[in-house]
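Coordinate inspection notes
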Amino acid sequence: MLLAAILAAEITGIAIARSIVTADAPAHVAVAPVTAPSTTRGERPDATLAAQLGAIDGSNDSLRDPRAIRASLQSRRPAAAAPVARPPVAPKPARVRPTAHARPTTPKPRPAPQYAGRNHVWIPSLGISRSVSSFSCTRSQPPDNYVYRWGCAGANNVYLLGHAYSVFKPLHDAYVGGRLHKGITAIYADGSGHVHTYAVAWWRVVAPTTAASWAWAGQSQPSMTLQTCVGANSAYRLMVRLIQVR
């Protein structure tokens with residue numbers, strides 16, 4: 001009887017406590033979603049899912065079926081929005097710049113150089129353009145830095161001489177450098193203004209003696225002879241023979 005009385009008192013107390021809680025609780029309490037606590041040792045993952053669902057539903061029923069719990073959680077996830085198809089963008093046409101067409105041009109031929117004057121000699125390929133002075137056959141004074149026409153030369157032989165270190169240096173350097181060759185032209189305007197062209201035929205190096213008199217001797221055809229010094233201390237003479245071509 002004593003045990004029955006104690007049990008009756010506990011049941012009555014629990015009923016009173018429930019009635020008090022029920023009376024004081026509001027009609028609806030919004031429970032904010034909470035983050036599920038990490039699973040502790042000995043606790044099953046299914047029980048954790050059940051606790052999360054109980055917090056969301058306002059209940060704490062941990063005896064529900066775990067498969068139903070997973071299905072309920074999945075059904076509450078928002079559906080992924082379907083991708084919006086964008087209309088294809090047409091590529092911009094490439095800008096083509098107009099090509100400037102150059103007009104074909106015909107190169108104009110260079111005018112032939114005009115040689116005119118009196119007492120002048122030109123050797124274009126050697127860069128020589130010099131006035132010509134007279135050197136008489138009886139002159140005893142050494143030549144200065146001029147191109148001279150020697151008066152001792154025979155007929156048909158325009159005999160021009162000059163120093164190798166000055167006025168005829170290009171002729172000297174062409175011989176020493178191996179650039180002297182047949183066909184090099186020289187243009188000469190005499191004292192009357194008549195202009196003629198001569199071309200190199202051959203050359204020879206000789207000692208400055210009368211044994212080289214053939215160099216200033218008269219010729220059977222219009223010719224020209226160029227003389228300058230070569231060798232150490234200008235010990236020899238370079239004689240270049242040219243033939244008139246026009």
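Just so you know, these numbers come straight off a predicted model, no measurement behind them.

What counts, and where the lines are drawn
- The residue count restarts for each chain, going from 1 along the sequence in the order it is written.
- Whole-chain, interface and lining totals are the exception, using all residues; otherwise, since this is a predicted model, local features are given only for residues with pLDDT of at least 70 and side-chain atom pairs are given and counted only at 80 or more.
- No hydrogens and no water enter the side-chain calculation; it runs on all heavy atoms of the structure.
- Helical segments are the DSSP runs of H or I of at least four residues, strand segments are the runs of E of at least two, and each set is numbered from the N terminus.
- Relative accessible area decides the class of each residue, using a 1.4 Å probe on protein chains only: under 20% of the type maximum gives buried, over 50% gives exposed, and in between gives partly exposed.
- Should any heavy atoms of two residues lie within 4.5 Å, those residues are counted as being in contact.
- What sets the accessible areas is the Shrake-Rupley method with a 1.4 Å probe; for residues, cover comes only from the shown protein chains.
- The quantity known as pLDDT measures the predictor's confidence residue by residue, on a range of 0 to 100.
- By construction, the arc corresponds to the directions joining the helix axis to the C-beta atoms.
- A 1.4 Å probe that fits into a set of points on a 1 Å grid over the protein atoms alone but cannot get out defines a cavity; an open set with protein on both sides within 12 Å along at least five of seven lines defines a pocket, and lining residues are those with an atom within 4 Å of a point.
- Grid points are joined across faces, edges and corners, and a volume is the space filled by probe spheres set on the points.
- Only Asp, Glu, Lys and Arg are considered charged, only Ala, Val, Leu, Ile, Met, Phe, Trp, Tyr, Cys and Pro nonpolar, and every remaining residue, Gly among them, polar.
- What makes a nonpolar core is a set of buried Ala, Val, Leu, Ile, Met, Phe, Trp, Tyr and Cys residues whose side-chain atoms join them at distances within 4.5 Å.
- Here a Phe, Tyr or Trp ring, Trp counted by its six-membered ring, pairs with any other such ring whose centre lies within 6.5 Å, and the pair is stacked when the planes are under 30 degrees apart, edge-to-face when over 60, and tilted otherwise.
- Comment: the charge-over-ring label is applied if NZ (Lys) or CZ (Arg) is within 6 Å of the ring centre and within 35 degrees of the ring normal.
- Cysteine sulfur pairs qualify as disulfides if the two atoms are within 2.5 Å.
- Whether two strands pair depends on DSSP finding at least two bridges between them.
- Orientation is described by lines fitted to C-alpha atoms, with helices fitted over the stretch in contact, and by angles between N-to-C directions that extend from 0 to 180 degrees.

A separate point is the overall build of the protein chain. Secondary structure assignment for the protein chain yields four helices and eight strands. The order of helices and strands in the protein chain, counted from the N terminus, is α-α-α-β-β-β-β-α-β-β-β-β. Out of the 246 residues in the protein chain, the part that is buried amounts to 25%. Expressed as a percentage of contacts within the protein chain between residues at least 6 apart in sequence, the contacts between residues at least 24 apart total 50%. Per element, the accessible surface of the protein chain, about 17,900 Å² overall, is 58% carbon and sulfur.

Here the focus is the confidence of the model for the protein chain. When pLDDT drops low, the exact placement of atoms in the prediction is not to be read closely. Per-residue confidence for the protein chain gives a mean pLDDT of 77; residues scoring 70 or more make up 60%. Counting interchain partners and residues more than four positions distant, the pLDDT-below-50 stretch residues 14-43 has seven contacts.

Further remarks concern the environment of threonine 138. With respect to the element layout, threonine 138 can be found in the loop between strand E2 (128-135) and strand E3 (147-150). We classify threonine 138 as exposed; its relative accessible area is 73%. In sequence terms threonine 138 and tryptophan 150 are twelve residues apart; their C-alpha atoms lie 10.0 Å from each other.

With that settled, consider helix H4 (residues 169-176). Listed in full, the buried residues belonging to H4 are Leu171, His172 and Ala174. Considered in projection along H4, the buried side chains sweep an arc of 165 degrees and stay on one side of the axis. Packed against the buried residues of H4 are E2, strand E7 (223-230) and strand E8 (236-244). Following H4 by one or two positions, glycine 178 adopts a phi angle in the positive range, close to 75 degrees.

With that out of the way, let us pick up the layout of surface pockets. Reported here for the largest pocket is a volume of approximately 370 Å³. In terms of residue count, E7 provides more of the lining of the largest pocket than any other element does, three residues in total. Looking at the lining of the largest pocket residue by residue, the classes come out as eleven nonpolar, seven polar and two charged.

Before going further, it helps to examine the nonpolar core. Residues Leu160, Met224 and Leu226 are the most contacted members of the largest nonpolar core, which totals 24 residues. Taken together, the elements giving at least two residues each to this core come down to strand E1 (120-123), E2, strand E4 (157-161), H4, strand E5 (185-189), strand E6 (195-206), E7 and E8. Setting aside residues up to four positions removed in sequence, leucine 160 forms contacts with Val121, Val132, Val147, Tyr148, Arg149, Phe168, Tyr188, Met224, Thr225, Leu226 and Gln227. Grouped together as the second largest cluster of nonpolar side chains are ten residues, Tyr148, Leu161, Ala212 and Ala215 included.

Attention now moves to the packing of aromatic side chains. In the structure shown here, the tally under the stated rule is six aromatic pairs. Geometrically, the ring pair formed by tyrosine 146 and tyrosine 148 is edge-to-face, given 6.1 Å between the ring centres and 80 degrees between the ring planes. Residue tyrosine 146 is classed as partly exposed on the basis of its relative accessible area of 45%. Relative to tryptophan 216, the ring of tryptophan 150 has its centre 5.3 Å away and its plane inclined at 75 degrees; by these criteria the two rings are edge-to-face. Within this pair, whereas tryptophan 150 is found in strand E3, its partner tryptophan 216 is found in the loop between E6 and E7, the two being separated by 66 residues in sequence. A cation over a ring is seen here: arginine 204 above tryptophan 214, with NZ or CZ 4.6 Å from the ring centre.

Moving on, we get to the state of the cysteines. Inspection of the entire model under this criterion finds one disulfide. The disulfide partner of cysteine 137 is cysteine 152, and the S-S distance across this bridge is 1.7 Å. The sign of the S-S torsion, about 100 degrees, decides the handedness of the disulfide formed by cysteine 137 and cysteine 152: right-handed. One end of the pair, cysteine 137, is in the loop between E2 and E3; the other, cysteine 152, is in the loop between E3 and E4, with 15 residues separating them in the sequence. Its relative accessible area of 46% is what places cysteine 137 among the partly exposed residues. The class for cysteine 152 is partly exposed, based on a relative accessible area of 23%.

Attention now goes to the sheet that holds E7. Read once around its circumference, the closed barrel built from eight strands follows the order E1-E2-E3-E4-E7-E8-E6-E5, with strand pairing classed as mixed. Across the sheet, the axes of successive neighbouring strands diverge by a mean angle of 35 degrees, strand direction being ignored. Where E4 meets E7, five bridges bridge the pair, whose relative direction is parallel. Within E7, the residue paired with leucine 160 across the bridge is leucine 226. Each of E2, E6, E7 and E8 touches H4; the most contacted strand, E7, lies at about 80 degrees to it.

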